[in-house]
Amino acid sequence: MVMDRRLRYRVSNLDVSVTPGVKELIEKAEEEGVKLVWHRFLEQQPQCGFGLLGLCCRNCNMGPCRIDPFGYGPTRGICGATADTIVARNLVRMIAAGAAAHSDHARDLLKVFKAVAEGKIHTYKITDSKKLRWLAQALGIPTDGRSDLEIAKDVAEVLEKEFGKQDEEPLALVKALAPEKRLRVWRKAGIVPRNIDREICECLHRTHVGVDADPVSLLLHGARTALADGWSGSMMATLLSDILFGTPKPVKSEANLGVLKEDYVNIVVHGHNPILSMKIVEAAMSEEMQKLAESYGAKGINVVGMCCTGNEVLMRLGVPLAGNYLMQELAIATAAVEAVIVDYQCVWPSIVEVASCYHTKVITTEPKMKIPGALHIEFEPEKADEIAKKIVRVAVE
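Residues numbered from 1 in each chain as written. Predicted model: local features only at pLDDT ≥ 70, side-chain atom pairs only at ≥ 80, totals over all residues. Heavy atoms only, no water.

Draft legend 1. Structural detail: the pattern of salt bridges. Applying the stated rule across the entire model yields 31 salt bridges. For Glu30, the salt bridge goes to Arg10, with nearest N and O atoms at 3.4 Å. Note that Glu30 is positioned in helix H1 (residues 22–31) and Arg10 in the segment before H1, a separation of 20 residues in sequence. Classification of Glu30 by relative accessible area gives buried; the value is 0%. Given the relative accessible area of 22%, Arg10 is considered partly exposed. Put simply, Arg206 and Asp212 hold a salt bridge, and the shortest N to O gap is 2.7 Å. Each member of the salt-bridge network shares a partner with another, and the members are Glu168, Arg194, Arg198, Glu199, Glu202, Arg206, Asp212 and Arg224. (Salt bridge = Lys/Arg side-chain N within 4 Å of Asp/Glu carboxyl O. Helix = DSSP H or I, 4+ residues; strand = E, 2+ residues; numbered from the N terminus. Buried < 20%, exposed > 50% of the residue type's maximum accessible area, 1.4 Å probe, protein only.)

Written as structure tokens, this is what we have:
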């Protein structure tokens, strides 16, 4: 690590990635005085040892408390919680946050899916009828002699209950799709998930001051919450994405930052939700937007993916993938990107700061994810085509 006149640390002399081009772009950013994720990582060293071990607790106003892992200092928090209890509570809260994020993504897809089924939204459609009918049959919904939209209405009604039913019965997708052998194991352990939101809520209740202090009991409920997400929330998001946008098939494409094109309007779609990214690609490829780009002197519009939503458009449309989670700032540091269009999850607040050093616009689109300094254009599925073109127009202009 060498001190730099503008940056506290230089990382271009370190092996931080096996991906071709990363080292060169870090050097470019350092020459321009732009701080990236690796610089901020070094600035955080040494990271809090108590935090790394999960031994600090601030779940109530008596804290924060921390346990000495070597036994020379406190062995219990102010409330009496042991190290095992504190670690378990912290882990379970992390599980709750992850399950909430994944499953809320599924809720957004379900909202659009239901509106399509009811004829309230015409900007999206049922693309994979075969998968819809397979899912309906797995859920015990009749399909013979019925239209896709009729079936979709019943599927939506069942899936809505995954978030809010109040009985002790397993989640519908768990009963329909989990192997019976697995279910027997989960029943024996008492961790069969009953309701996505209920399990997440119970995580926060159990980990509140004066509630569950048994590490085993806490971790078992963490497992139950993870299963609610994995076998319902996350799985629901995948199934509904396939039904709405098509089940992925092997495609041939390109990857890494070389997919950015010098003479084109470069747009990066980043986040998780294909409801947005699929429409951005569709709008950008339209004759209207391509001609607009040409009127400004570009050869056209080039949409590339980043991170998870990049995989969505890659596996369904063959859109090239610019990079992974750690490369979102580097795409901007190329100075080739006109706009980074994001929805939610995996998006760093730092991209706005990096973009301020270049001409790039960062455009947020979700009410639940805003970043200070970004341009916010709220995306509404009911007006998907209109808003997608508006967003692409900003990038072109």
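Read on, since the account is not over.
Draft legend 2. Examining helix H5 (residues 129–138) more closely. Regarding H5, the residues found buried are Leu132, Leu135 and Ala136. For H5, the arc enclosing every buried residue in end-on projection is 100 degrees, short of the 170-degree limit, so these residues lie on one face. Across from the buried face of H5, at angles greater than 90 degrees, the exposed residues are Lys130 and Gln137. Where H5 is buried, its residues meet helix H4 (83–117), helix H6 (148–164), helix H7 (172–177) and helix H10 (215–245). Backbone geometry just downstream of H5 places Gly140 in the positive-phi region, at approximately 80 degrees. (Arc of directions from axis to C-beta. Contact = heavy atoms within 4.5 Å.)

Draft legend 3. Layout of the nonpolar core. Phe113, Val155 and Ile301 are the most contacted members of the largest nonpolar core, which totals 78 residues. The biggest single contributor to this core is H4, with twelve residues. Among residues more than four places away in sequence, those in contact with Val155 are Phe113, Leu132, Leu135, Ala136, Leu139 and Ile141. Formed by 39 residues, the second largest nonpolar core is a distinct cluster that contains Val22, Leu330, Ile332 and Ala333. (Core = buried A, V, L, I, M, F, W, Y, C linked by side-chain atoms within 4.5 Å.)

Draft legend 4. Looking closely at the packing of helix H9 (residues 196–206) against H10. Two numbers describe how H9 lies on H10: the axes approach to 9 Å, and their chain directions differ by 155 degrees. Compared by their axis directions, H9 and H10 come out roughly antiparallel. Where H9 crosses over H10, the handedness of that crossing is left-handed. Packed against H9, whose contacting residues are Ile196, Glu199, Ile200, Glu202, Cys203 and Arg206, the element H10 presents Ser217, Leu218, His221, Arg224, Thr225, Ala228, Ser232, Gly233 and Met236 at the interface. Here the contact of H9 with H10 is composed, by residue class, of six nonpolar, five polar and four charged. (Axes fitted to C-alpha atoms, helices over the stretch in contact; angles between N-to-C directions. Parallel < 35°, antiparallel > 145°, perpendicular 65-115°, else oblique. Left-handed = near helix turned anticlockwise from the far one by under 90°. Nonpolar A, V, L, I, M, F, W, Y, C, P; charged D, E, K, R; others polar.)

Draft legend 5. Layout of the packing of aromatic side chains. Counted under the stated rule, the structure contains three aromatic pairs. An angle of 80 degrees between the planes, with centres 5.1 Å apart, marks the rings of Tyr325 and Trp348 as edge-to-face. Taken together, the residues span a long stretch of sequence, with Tyr325 in the loop between strand S5 (321–323) and helix H14 (328–333) and Trp348 in the loop between strand S6 (339–342) and helix H15 (350–355) at a distance of 23 residues. Look at Trp348 and you get buried, because its relative accessible area is 11%. The aromatic ring of Tyr264 is capped on one face by Lys261, whose charged end is 5.0 Å from the ring centroid. (Phe/Tyr/Trp six-rings, centres within 6.5 Å; stacked < 30°, edge-to-face > 60°. Lys NZ or Arg CZ within 6 Å of the ring centre and 35° of its normal.)

Draft legend 6. Representation of the sheet that holds S6. Read from one edge to the other, the open sheet built from six strands follows the order S5-S4-S3-S6-S7-S8, with strand pairing classed as parallel. Two strands bound the open sheet, and with one partner strand each, they are S5 and strand S8 (375–376). Those strands touched by helix H16 (residues 384–396) are strand S3 (265–270), strand S4 (301–306), S6, strand S7 (361–364) and S8, and its axis lies near 135 degrees from that of S3. (Pairing = 2+ DSSP bridges.)

Draft legend 7. Molecular detail of the layout of surface pockets. Reported here for the largest pocket is a volume of approximately 290 Å³. Looking at which element gives the most residues to the lining of the largest pocket, the answer is H4, with four residues. When grouped by side-chain class, the residues that make up the lining of the largest pocket number seven nonpolar, one polar and seven charged. (1 Å grid on protein atoms, 1.4 Å probe; cavity = no way out; pocket = protein on both sides within 12 Å on 5 of 7 lines; lining within 4 Å. Points joined across faces, edges and corners; volume = space filled by probe spheres on them.)

Draft legend 8. Here's a closer look at the environment of Gly310. For Gly310, the location among the structural elements is in helix H13 (residues 307–317). Using a relative accessible area of 0% as the deciding quantity, one classes Gly310 as buried. Separated by 19 residues in sequence, Gly310 and Lys291 place their C-alpha atoms 25 Å apart. Not counting residues up to four positions away in its chain, the partners in contact with Gly310 are Val269, Gly305 and Leu321.

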